[in-house]
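Working through the structure, step by step
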Amino acid sequence: MSDTASVVVMGSMCAASVRCYAAALKGGTLLIDLDEKRLPLRHSHHRYRVDGPNGVQTLTVPLVGSTNNIMTPLRDVLISEHGDWRRLHWGALYSAYGRSPYFDYVADDLQRVIYGSQRYLHEFNAQLHQVVVDFMDLPICTSYGVGDSVVENATDLRGRIAMKKPDTLPIANVPYYQMWKGADGFRPDLSILDLMMNMGREGIFTLMAMTSSAGE
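Structural notes, computed from the coordinates.

Criteria and thresholds
- Residues numbered from 1 in each chain as written.
- Predicted model: local features only at pLDDT ≥ 70, side-chain atom pairs only at ≥ 80, totals over all residues.
- Heavy atoms only, no water.
- Helix = DSSP H or I, 4+ residues; strand = E, 2+ residues; numbered from the N terminus.
- Buried < 20%, exposed > 50% of the residue type's maximum accessible area, 1.4 Å probe, protein only.
- Areas by Shrake-Rupley, 256 points an atom, 1.4 Å probe, with all protein chains shown as cover.
- Pairing = 2+ DSSP bridges.
- Contact = heavy atoms within 4.5 Å.
- Axes fitted to C-alpha atoms, helices over the stretch in contact; angles between N-to-C directions.
- Phe/Tyr/Trp six-rings, centres within 6.5 Å; stacked < 30°, edge-to-face > 60°.
- Polar contact = N/O pair within 3.5 Å; in protein donor to acceptor, adjacent residues only side chain to side chain.
- Core = buried A, V, L, I, M, F, W, Y, C linked by side-chain atoms within 4.5 Å.
- Right-handed = clockwise from strand over helix to strand, strands pointing away.
- Expected span 1.5 Å × (residues − 1).
- Salt bridge = Lys/Arg side-chain N within 4 Å of Asp/Glu carboxyl O.

We now examine the overall build of the protein chain. Within the protein chain, the regular secondary structure consists of six helices and six strands. Relative to its full complement of 216 residues, the protein chain shows a buried share of 52%. With an accessible surface of roughly 10,100 Å², the protein chain has 50% of that area assigned to carbon and sulfur atoms.

Rendered as structure tokens:
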């Protein structure tokens, strides 16, 4: 934490994109702002994209209507259990990655989070993040609750990495092995779960190449 130039500030993301993790890995210290509002209109806060036999699929964690408001701080956003979404997410993940090289190694931990009893979205997101960091052995130090304070010289990426539109960050899309790679070739901008399932701990080299290939 003493090297403020290495700090990256982001919002709470659900199984965040490979690009998010590339940025976080480059910084080394990640601050998750639980007071974030309206950025980036909540799309990546509770949605993540995976690649399966039927192509790219967006999975959504349903939110309680009264807290699903862009002015509500992320720390107060509640998960809804409507629609048996946990079973649907696990089924989609199993269909997408059940035969991937590293699924069996991380399945128990991932299933424990998916079928967990989290009430708040940031709790669910944090637990998924921890599974990824632990399994991929990523040297990312994560803390929570930034609020309106911004660390001096920090890289503030709140609202800059989302799913609705491309970002302009100095991060290259470096192809890696994808089990479901089709005729259209490599599929970028997927959840970190895609890299983890297909590349395991070797995925760290992809993340490192994404920032070095962009000239940073």
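Let us keep going from here.
Moving on, we come to the sheet that holds strand E2 (residues 29–33). The strand order across the open sheet formed by four strands is E5-E2-E1-E6, and the pairing between neighbours is parallel. On the outer flanks of this sheet lie strand E5 (141–144) and strand E6 (155–156), each paired with one strand and no other. Sheet topology places strand E1 (residues 7–11) next to E6; two bridges connect them, and they run parallel. Note that in E6 the partner of Val8 across the bridge is Thr155. The strands touched by helix H1 (residues 18–27) are E1 and E2; relative to E1, the strand with the most contacts, the crossing angle is about 150°.

Here we take up the packing of aromatic side chains. The full count for this structure, using the stated rule, is five aromatic pairs. Relative to Phe103, the ring of Tyr94 has its centre 5.6 Å away and its plane inclined at 80°; by these criteria the two rings are edge-to-face. Each ring, one from Tyr102 and one from Tyr105, has its centre 6.2 Å from the other, and the planes form 45°; the classification is tilted. Classification of Tyr102 as partly exposed rests on a relative accessible area of 26%. With a relative accessible area of 60%, Tyr105 lands in the exposed category. Through a chain of ring-to-ring contacts, three or more aromatic side chains come together here, namely Trp90, Tyr94 and Phe103.

Position of Arg49 relative to the elements: it lies in strand E3 (residues 47–52). In this structure the C-alpha to C-alpha distance between Arg49 and Leu59, which are ten residues apart in sequence, comes to 6.2 Å. Among the polar contacts made by the side chain of Arg49, one reaches the main-chain carbonyl oxygen of Asp189 at a distance of 2.8 Å.

Here we take up the nonpolar core. Generally speaking, a soluble globular protein has its nonpolar side chains buried in company with each other. One finds Met10, Tyr21, Tyr48, Leu93, Phe124, Leu138 and Leu207 to be the most contacted residues of the largest nonpolar core, which totals 62 residues. A per-element tally of this core places helix H4 (residues 121–136) first, with eight residues. Beyond its immediate chain neighbours, meaning those up to four positions away, Leu207 contacts Val18, Tyr21, Ala22, Leu25, Leu138, Ile192 and Leu195. In terms of nonpolar packing, the next biggest core, distinct from the first, is built from five residues, Val7, Val9, Val146 and Ala154 among them.

When you tally the buried positions in E2, you get five out of five residues, the bulk of the element. Every second residue of E2 is oriented toward a common face, with Thr29, Leu31 and Asp33 on one face and Leu30 and Ile32 on the other, all of them buried. Pairing analysis gives five bridges linking E1 to E2, with the strands arranged parallel. Following the sheet pairing, Val9 is matched in E2 by Leu31. Following the chain from E1 across H1 to the adjacent parallel E2, one finds a crossover that is right-handed.

Next up on the list: H4. Between its terminal C-alpha atoms H4 stretches 23 Å, which fits the 22 Å expected from 16 residues at 1.5 Å a residue. Along H4, the residues that are buried comprise Leu121, His122, Phe124, Asn125, Leu128, His129, Val131, Val132, Val133, Phe135 and Met136. With its phi angle positive at about 55°, Asp137 sits one or two positions after the end of H4.

Turning our attention to the side chain of His129. Mapped onto the secondary structure, His129 falls in helix H4. By relative accessible area, which is 8% here, His129 ends up buried. If we skip the residues at most four places from it in the chain, His129 touches Tyr21, Leu30, Thr142 and Tyr144.

Looking now at the pattern of salt bridges. Pairing of side chains with opposite charge becomes possible as their charged atoms draw close. The final tally for this structure, using the stated rule, is seven salt bridges. The salt bridge partner of Asp51 is Arg187, with a shortest N-O separation of 2.5 Å. Taken as a pair, Asp51 in strand E3 and Arg187 in the loop between E6 and helix H5 (192–199) lie far apart in primary sequence, 136 residues in all. Look at Arg187 and you get buried, because its relative accessible area is 16%. Among the salt bridges present, the one from Asp84 reaches Arg87, with a minimum N-O distance of 2.5 Å. Since its relative accessible area comes to 42%, Asp84 is described here as partly exposed. Put simply, Asp33, Asp156 and Arg158 are held in one network by salt bridges that share partners.

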